[in-house]
Amino acid sequence: MSANCTACQELDDVDSLCRWCSNQLHLRPHAGGIENWQRYAESDLVSLDWTRFSAEQVTAIQGYAEHISDHIDAGWGLILSGNNGCGKTHVAVGLGVVALGIGAEAYATTLGELLLSVRNSWQPQTDQSEAKLMQRVCTTDLLILDDLGMEKPTDWARDRLAHIVNSRYASTKATIVTTNLQMEQLEERWSARVMSRLYGTAQAVGLHDVPDYRRTLRQKQLTNRRISNQTEEQPR
């Protein structure tokens, strides 16, 4: 199960799992601010297909997981950039589950989802306030900001993102960002100042060469279906 985990490989007992692997087995249903992401309910680092990543990428991701307590204390995050289907969100949510395993707070959202919640908080019938929403994302130990760059970069959206980034920067809070865009494109959308603070407090891990998992899986399904149909059509 954890054959690709360098920490597990270093243990003397072959049946043992390192702390961040063993925590995956019972934390998935209790993923704090991640539990409403139903599509990623099983997205932990144990179930991740590590064979799709290069040795350098595996070392970066597992190195962050194995030392996640130190990284969170130091306010050091990750920026995972890559094409659709490469596994960015799976990795980010998996790291969030590892954080929960050491007793840290972790919250996952997209900027678009957060901005929609803020707008909804302006309605008179809601018991949620913009201040509480912003406080949650600004103060949680580990914030996972997924798919940054997919939102329309209005001035209002820029102001909210700048507030989050500046607040977390000042209070030494760790942030994991996933994005399809390069840094130059993010700077154009969200300002060089904001991106400078994000990149200055995070390790950038490029996953652009990782194949689209969903497309590969779909191709395998279609191939298996064709083989099955051909087998059924053969005369008996």
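Above this text sits the structure in question.
To start, this report covers the structure provided alongside it. Everything numeric here is computed off the predicted structure, so don't read it as measured data.

1. Describing the overall build of the chain
Piece 1. When helices and strands are tallied, the chain shows twelve helices and five strands.
Piece 2. Across the 236 residues in the chain, those meeting the buried criterion constitute 44%.
Piece 3. The long-range fraction of contacts in the chain, counting pairs at least 24 apart against all pairs at least 6 apart in sequence, stands at 80%.
Piece 4. Entry remark: accessible area of the chain is about 12800 Å², with carbon and sulfur atoms responsible for 47%.

2. Some words on the packing of aromatic side chains
Piece 1. Under the criterion given, the structure shown has two aromatic pairs.
Piece 2. Its guanidinium or amino end placed over the ring of Phe53, Arg52 lies 5.6 Å from that ring's centre, counting from NZ or CZ.

3. Describing the nonpolar core
Piece 1. Ranked by internal contacts, the top residues of the largest apolar core, which has 30 residues, are Tyr64, Leu80, Leu95, Leu142 and Ile176.
Piece 2. Listing elements by their share of this core, those giving two or more residues are helix H4 (55-66), helix H5 (68-74), strand E1 (77-81), helix H6 (88-101), strand E2 (106-110), strand E3 (142-146) and strand E4 (174-179).
Piece 3. Ranked by the residues each element gives to this core, the list is headed by H6, at six residues.
Piece 4. Judged by nonpolar contacts, the second largest core, of 28 residues, contains Cys138, Leu148, Ala157 and Ala202.

4. A look at the sheet that holds E1
Piece 1. The five strands are arranged E2-E3-E4-E1-E5 in an open sheet whose pairing can be described as parallel. The open sheet terminates on both sides in strands that have one partner only, identified here as E2 and strand E5 (202-206). Put simply, the sheet's adjacent strands are angled 15° from each other on average, direction ignored.
Piece 2. Across the sheet, H4 touches E1, E3, E4 and E5, and the angle it forms with E5 is around 145°.
Piece 3. Along the sheet face, helix H9 (residues 155-170) touches E3 and E4 and points at about 150° away from the line of E3.

5. Re the environment of Asp155
Piece 1. Mapping Asp155 onto the fold places it in helix H9.
Piece 2. The sequence separation of Asp155 and Trp190 amounts to 35 residues, and the corresponding C-alpha distance is 9.2 Å.
Piece 3. One polar contact links Asp155 to Arg158, side chain to side chain, over a distance of 3.2 Å.

6. Comments concerning the packing of helix H7 (residues 111-120) against H9
Piece 1. Put simply, H7 and H9 touch, their axes get as near as 11 Å, and they point 105° apart. Considered as vectors, H7 and H9 are oriented roughly perpendicular to each other. Residue-level contacts link Leu111, Leu114, Leu115, Val118 and Arg119 of H7 to Trp156, Ala157, Arg160, Leu161 and Ile164 of H9.
Piece 2. Here the contact of H7 with H9 is built from residues that sort into eight nonpolar, no polar and two charged.

Cut-offs and rules
- Residues numbered from 1 in each chain as written.
- Predicted model: local features only at pLDDT ≥ 70, side-chain atom pairs only at ≥ 80, totals over all residues.
- Heavy atoms only, no water.
- Helix = DSSP H or I, 4+ residues; strand = E, 2+ residues; numbered from the N terminus.
- Buried < 20%, exposed > 50% of the residue type's maximum accessible area, 1.4 Å probe, protein only.
- Contact = heavy atoms within 4.5 Å.
- Areas by Shrake-Rupley, 256 points an atom, 1.4 Å probe, with all protein chains shown as cover.
- Phe/Tyr/Trp six-rings, centres within 6.5 Å; stacked < 30°, edge-to-face > 60°.
- Lys NZ or Arg CZ within 6 Å of the ring centre and 35° of its normal.
- Core = buried A, V, L, I, M, F, W, Y, C linked by side-chain atoms within 4.5 Å.
- Pairing = 2+ DSSP bridges.
- Axes fitted to C-alpha atoms, helices over the stretch in contact; angles between N-to-C directions.
- Polar contact = N/O pair within 3.5 Å; in protein donor to acceptor, adjacent residues only side chain to side chain.
- Parallel < 35°, antiparallel > 145°, perpendicular 65-115°, else oblique.
- Nonpolar A, V, L, I, M, F, W, Y, C, P; charged D, E, K, R; others polar.

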